[in-house]
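Chain by chain, the residues run as shown.
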Amino acid sequence: MSGRQDFPNAAHPIELEAPDISRWASSPTGVSYVHERVASQEGPQVLITALVHGNEYSGAIALDAFLSSGVLPRAGRITAIFCNVAAFARFDARRPDASRFVDEDFNRIWSAPVLDGPTTTAERMRAQQVKPYVQRATHLLDLHSMHESAPPLLVTGLLPRNIAFAQSLQLPAQAIIDSGHSDGVRLRDHGLFADPAGQRIALLLEAGQHWQASSLQVARNALMRFLVATGSLPRSDVPTGWLQADAPPPPPVQVTHRVVAQSMNFAFTQAFAGGEVIAHAGTVIAHDAGQPVVTPYDHCVLVMPSVRQLRVGVTTVRLGRLFHDAVE
């Protein structure tokens with residue numbers, strides 16, 4: 001599933017071939033590309049999702065391998081969903097950014113008003129199909145990747161239980177504490193996942209750059225660690241080669257500001273990839289329609305800067321500080 005390909009219109013080399021997931025189209029659940037593994041013993045209702053964005057398929061390769069492995073939960077149920085398969089079907093390595101979605105971003109439509117409204121787009125129709133499985137889940141791991149080459153991240157939302165769960169996984173992935181997007185609700189923030197009084201866990205993994213081979217290993221490692229941490233299966237059941245060595249996680253980053261493009265004339269002052277710490281407040285990091293975008297405080301961390309999907313209203317970078325600094 002590897003073999004580097006270079007295309008002139010690709011921002012990054014394609015080191016991972018797009019997987020053939022057609023074997024999972026038919027499902028006993030009656031919903032295409034939705035598969036369950038069920039234990040006889042009661043336990044957590046774990047949901048693993050991939051292809052929320054059609055060009056982010058390292059998670060789909062990991063999910064395909066998991067379903068093919070024969071690994072079964074010792075307790076509860078594991079549900080695996082390949083989400084926006086219509087967008088993925090359009091993937092073209094010559095234009096790899098073009099298949100993120102068909103009509104609209106699948107990861108911005110998870111508010112009740114949108115889901116309860118008319119199914120006017122391919123993404124909303126698919127969301128209606130998979131919504132019962134999402135709403136049943138007690139634990140969600142949503143497998144994503146990033147536009148730029150950067151260390152992996154675990155997006156937790158604001159709830160302390162998610163931050164603690166992310167830190168417990170012993171992954172070398174920085175927890176990103178944020179409130180979501182201004183242009184719509186993410187899958188990991190849907191419904192009871194966002195209930196402060198609840199117990200449900202939802203994490204979003206950003207495994208690395210979309211098509212880097214290393215992103216696949218990050219996704220595999222995170223998937224199995226998540227299943228073990230939920231109590232779905234013991235560590236001894238994990239297939240050889242999936243787990244990497246335990247790693248102390250970096251300190252979490254608290255997102256305090258979100259830079260949203262006001263124009264199509266948005267450009268960073270240099271090629272930021274993410275994780276950069278800007279030493280001084282007031283440093284110009286970008287220009288938007290001729291206006292400077294500056295850091296709001298010293299030691300400002302840049303989180304996932306990118307203009308690959310630039311549109312007015314799209315987040316181009318998040319600004320944050322280390323969590324212990326944010327709460328002092």
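Nothing here was measured: the structure is a model prediction, and the numbers come from that model.

Reading guide: rules and limits
- Residues numbered from 1 in each chain as written.
- Predicted model: local features only at pLDDT ≥ 70, side-chain atom pairs only at ≥ 80, totals over all residues.
- Heavy atoms only, no water.
- Helix = DSSP H or I, 4+ residues; strand = E, 2+ residues; numbered from the N terminus.
- Pairing = 2+ DSSP bridges.
- Axes fitted to C-alpha atoms, helices over the stretch in contact; angles between N-to-C directions.
- Phe/Tyr/Trp six-rings, centres within 6.5 Å; stacked < 30°, edge-to-face > 60°.
- Buried < 20%, exposed > 50% of the residue type's maximum accessible area, 1.4 Å probe, protein only.
- pLDDT = per-residue confidence, 0-100.
- Contact = heavy atoms within 4.5 Å.
- Polar contact = N/O pair within 3.5 Å; in protein donor to acceptor, adjacent residues only side chain to side chain.

Across the chain, the bulk of peptide bonds are trans and the bulk of non-glycine residues have phi less than zero. The backbone phi angle of H299 is positive, close to 55°, even though this residue is not glycine. Tracing the chain through its elements places H299 in the loop between β14 (291–294) and β15 (300–303). A positive phi is found at M304, a non-glycine position, where the angle reads about 50°. Position of M304 relative to the elements: it lies in the loop between β15 and β16 (315–322).

What the three strands build is an open sheet, ordered β11-β13-β14; its pairing is antiparallel. Here the strands that pair on one side only, and so sit at the sheet edges, are β11 (266–268) and β14. Direction aside, the axes of adjacent strands within the sheet are offset by 25° on average. By the bridge criterion, three bridges tie β11 to strand β13 (residues 284–288) in an arrangement that is antiparallel. From the neighbouring strand, F266 faces β13, where its bridge partner is D288.

This brings us to the packing of aromatic side chains. Per the counting criterion, the structure on display carries seven aromatic pairs. Both rings, one in Y57 and one in F91, keep their centres 5.0 Å apart while their planes meet at 85°; by these two values the pair is edge-to-face. Remark: F91 occurs in the loop between α2 (85–88) and α3 (112–115) and Y57 occurs in the loop between β4 (45–50) and α1 (58–69); sequence separation between them is 34 residues. Of the two residues, Y57 and F91, neither departs from the other in class, the shared state being buried.

With 95% of its residues at a pLDDT of 70 or more, the protein has an overall mean of 93. Across residues 1–10, confidence stays below pLDDT 50; counting only partners more than four residues off in sequence or on other chains, it has 26 contacts.

Moving on: helix α5 (residues 160–168). Buried within α5 are the following residues: R161, N162, I163, F165 and A166. In this structure, the buried side of α5 is in contact with β6 (139–146), β7 (153–155), β8 (174–177), β9 (201–209) and α6 (213–230). Directly after α5, the chain includes Q170, whose backbone phi takes a positive value near 60°.

Before going further, it helps to spend a moment on the side chain of R186. Along the chain, the position of R186 falls in the loop between β8 and β9. Among the polar contacts made by the side chain of R186, one reaches the side chain of D189 at a distance of 2.6 Å.

Moving on to the sheet that holds β7. Taking strand neighbours across the sheet as the criterion, the eleven strands line up as β3-β5-β4-β6-β9-β7-β8-β10-β16-β15-β12 in an open arrangement whose pairing is mixed. Two strands lie at the open edges of the sheet, namely β3 (34–38) and β12 (277–278), each paired on one side alone. In the sheet, β7 pairs with β8 via three bridges, with the strands oriented parallel. The partner of L153 across the bridge, within β8, is Q174. Across the face of the sheet, α5 comes into contact with β6, β7, β8 and β9 while running at roughly 50° to β9.

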